[in-house]
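Close look at the chain arrangement
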Amino acid sequence: IRGAENAFSLIVKSYADGNEKLLKQLLEETVYGQFYSAIQDRQNKGLRQETEVDSVQAELISIDIVEKKAQITVRFKSDQMTATFNQNGDNLDN
């Protein structure tokens with residue numbers, strides 16, 4: 001579970017930073033595509049995002065075997081602070 005919590009924080013931070021290369025390594029292809037599209041949209045609008053993850057708690061929900069692979073469902077609860085800035089550095093979330 002600790003590894004899942006660390007991965008969650010890394011994914012959230014990578015998304016905010018626009019780190020597509022790392023996200024591609026961490027996410028399933030369909031999910032990565034959604035993150036990629038959102039990052040591209042943000043960048044095309046000239047926006048920048050900053051995120052701080054204060055805490056993460058992961059809870060194991062289920063483990064299933066699907067086609068000889070383990071499918072693990074985890075629920076995450078986190079405290080985060082996120083701010084989006086325009087090209088002038090103005091915080092758009094206020």
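Everything discussed here concerns the structure shown above.
Just so it is clear, the structure is predicted and the values come from calculations on it, not from any experiment.

Observations regarding the packing of aromatic side chains
Here the structure, examined in full by the defined rule, presents three aromatic pairs. For the pair Phe-8 and Phe-76, a centre-to-centre distance of 4.8 Å together with 20 degrees between the ring planes defines the contact as stacked. Of the two residues, Phe-8 sits in helix α1 (residues 2-17) while Phe-76 sits in strand β2 (residues 69-85), which places them 68 residues apart along the sequence. A relative accessible area of 33% means that Phe-76 is categorised as partly exposed. Across the ring face of Tyr-15, the terminal group of Arg-42 is positioned such that the distance to the ring centre comes to 4.8 Å.

Here is what the cut-offs are and how they apply
- Residues numbered from 1 in each chain as written.
- Predicted model: local features only at pLDDT ≥ 70, side-chain atom pairs only at ≥ 80, totals over all residues.
- Heavy atoms only, no water.
- Phe/Tyr/Trp six-rings, centres within 6.5 Å; stacked < 30°, edge-to-face > 60°.
- Helix = DSSP H or I, 4+ residues; strand = E, 2+ residues; numbered from the N terminus.
- Buried < 20%, exposed > 50% of the residue type's maximum accessible area, 1.4 Å probe, protein only.
- Lys NZ or Arg CZ within 6 Å of the ring centre and 35° of its normal.

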